[in-house]
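What follows is the residue order along each chain.
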Amino acid sequence: MAVLVPLSLDEAVDALAMRPGALVVAGGTDAMVAINEGHLPVATGGGPADVVSIDRVAELRTWTHDPSAGTVTIGAAVTYTELLADPLRSWLPALAEAARTVGSPQIRNAGTLGGNLGTCSPAGDGLPVLSALDAVVHLRSSAGERQLSVHDFMVGVKRTALAPGELITAVTLPLLDGWQGYAKVGVRNAMVIATASACLAVDQARRTVAIALGSVGPTIIRCRDAEALAAAGVDWERGTAPGSVLDDVAAAAAAASRPIDDHRSTADYRRRAVAVMARRLARRAFAEVSG
Ligand SMILES: Cc1cc2nc3c(=O)[nH]c(=O)nc-3n(C[C@H](O)[C@H](O)[C@H](O)COP(=O)(O)OP(=O)(O)OC[C@H]3O[C@@H](n4cnc5c(N)ncnc54)[C@H](O)[C@@H]3O)c2cc1C
C-alpha cells in the first residue's frame, strides 16, 4: 500500500490520475473507520488501496470570499473547527451550528466538509445545510474541472456523482441576508449521529425559505411544499408567521420525509421529530403570532 502525500492540488490530481483506485483521505475520521472495519469505499473495489492524503494541500485548506457575487468558496479540506471561527461562523451560521454538533473536538479538528460530502451519509451534519443553501460542488480530475449542484452530487445512501480519480476541491455557498439555523435530534446531546436533522435558511431578498432534512431518507431531502407554504404564509415586512402557518410548514416537512425503522430509531419517531424541528426552526426565523 502506497501512501502519497501531495503538497499542491496539481500534485494531488496527478497522484489520483496515476492511481484512480486510490483512497482519498482528508481528516480520515470516516476513511480510517472504514479501513479498520474492512469496509473500504466502493471506488477502491473493496480491497486494500493506495492512499492519497490531501490534508497538506494548501489550496484545499483555504476559503475565499467573493463580495461582488455574495458567495464564499470553502476548500474541501477545511475542518469543522475552522468553520466555527469568524468570519465563516457569522456568515454561515447554520453551517457553524451543524459543525458544532459533529463528534468531539478531536473529530471537529480533523473532519472536513469535503469528507462529509465524500462519505455522503444521509446523517452527515453538513449536508442538510449545503442542500438548503443550494451549494455548488467543485470537482477536479486530470480530465479537467466541473461544477455540480449539491443536489446532483448526492446520489443516494453513501453514493455520490464523484468519478474515479476525481477530487472534491471546494463548495460555493451564497451569503444570504436572512435567518438560518440547524437542528439535530439524537439519542444523547453530544457525540451522536443524527436520528433526524433539519436546516432552514431564509433569503430575505428573494423572499424564499429553504428547508432540508437529514437522516430521514436515502439522502438529504428538500421540502419544496413546506418551503412554498412558508414563503406564502409569513409576513415578510414584520418578520412574523401565524401559528397556523408554522403548523402547516411542520406537517408538510414531515410529509416530505421518507424515514425508516433502524437500530437508531423508528420511522414514526423520525417523522414526529422532523415536524417539531421544522416548526421550531421556522419559529426562530419568524416570530409566531396568533392566527
Ligand atoms: C467518533 C466519530 C464521530 C463522528 N460524528 C459525526 C457527527 O456527529 N456528524 C457527522 O456528520 N459525521 C460524524 N462523523 C463522521 C465524520 O467525522 C464526518 O463525516 C467527516 O466530515 C469526514 O471528514 P474527513 O475529512 O475525516 O473524511 P475522510 O474520512 O478523510 O474521508 C471520507 C470519505 O470522503 C472521501 N473524501 C474525503 N475528502 C475528499 C475529497 N476532497 N475529494 C474526494 N473524496 C474525498 C474519502 O475518500 C472517504 O471516502 C464522526 C466520525 C467519528 C469517527
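My aim in this report is to walk through the structure given alongside it, one point at a time. Computed from a prediction, not measured in an experiment: that's the story for all the values here. (Residues numbered from 1 in each chain as written. Predicted model: local features only at pLDDT ≥ 70, side-chain atom pairs only at ≥ 80, totals over all residues. Heavy atoms only, no water.)

**Section: the sheet that holds strand S2 (residues 23-25)**
The strand order S1-S3-S2 describes an open sheet built from three strands, whose pairing is parallel. The sheet terminates laterally at strand S1 (3-4) and S2, the two strands that pair on one side only. Alignment of S2 against strand S3 (residues 51-53), held across three bridges, turns out to be parallel. Paired with Val25 across the strands is Ser53, a residue of S3. (Pairing = 2+ DSSP bridges. Helix = DSSP H or I, 4+ residues; strand = E, 2+ residues; numbered from the N terminus.)

**Brief notes about the packing of helix H10 (residues 224-233) against helix H11 (residues 243-256)**
The geometry of a pair of packed helices is captured by two quantities: the angle between their axes and the separation between those axes. In contact at an axis separation of 8 Å, H10 and H11 are set at 170 degrees when each is read in the N-to-C sense. The orientation of H10 relative to H11 falls into the category roughly antiparallel. Contacts between H10 and H11 involve Asp225, Ala226, Leu229, Ala230 and Gly233 on the former and, on the latter, Val245, Asp248, Val249, Ala252 and Ala253. In terms of residue class, the contact of H10 with H11 is made up of seven nonpolar, one polar and two charged. (Axes fitted to C-alpha atoms, helices over the stretch in contact; angles between N-to-C directions. Parallel < 35°, antiparallel > 145°, perpendicular 65-115°, else oblique. Contact = heavy atoms within 4.5 Å. Nonpolar A, V, L, I, M, F, W, Y, C, P; charged D, E, K, R; others polar.)

**A few points about the packing of aromatic side chains**
Taken as a whole and judged by the stated rule, the model has two aromatic pairs. Measuring from ring centre to ring centre gives 5.5 Å for Trp236 and Phe286, while their planes differ by 85 degrees; the resulting arrangement is edge-to-face. Here the residue Trp236 occupies a position in the loop between H10 and strand S15 (240-242), and Phe286 occupies one in the loop between helix H12 (267-285) and strand S16 (287-289), the gap between them amounting to 50 residues. In this pair, the class of Trp236 matches that of Phe286, namely buried. (Phe/Tyr/Trp six-rings, centres within 6.5 Å; stacked < 30°, edge-to-face > 60°. Buried < 20%, exposed > 50% of the residue type's maximum accessible area, 1.4 Å probe, protein only.)

**Side note on the site of the ligand**
Lining the immediate environment of the ligand, one finds 36 residues, of which Val24, Thr29, Asp30, Tyr80 and Asp125 sit closest. Here an oxygen atom of the ligand and a side-chain polar atom of Thr29 are 2.6 Å apart. Separating an oxygen atom of the ligand from a backbone N or O atom of Val192 is a distance of 3.3 Å. When the free accessible area of the ligand is taken as 980 Å², the share hidden by the protein chains comes to 88%. Of all the elements in the fold, those that place two or more residues in the shell around the ligand are S2, helix H2 (31-36), helix H6 (105-110), helix H7 (113-119) and strand S10 (167-174). Ranked by the residues each element gives to the shell around the ligand, the list is headed by H7, at five residues. Of the residues belonging to the shell around the ligand, the class tally is 20 nonpolar, 13 polar and three charged. (Near = heavy atom within 4 Å. Polar contact = N/O pair within 3.5 Å; in protein donor to acceptor, adjacent residues only side chain to side chain. Areas by Shrake-Rupley, 256 points an atom, 1.4 Å probe, with all protein chains shown as cover.)

On their own, these measurements won't tell you what the molecule is for.
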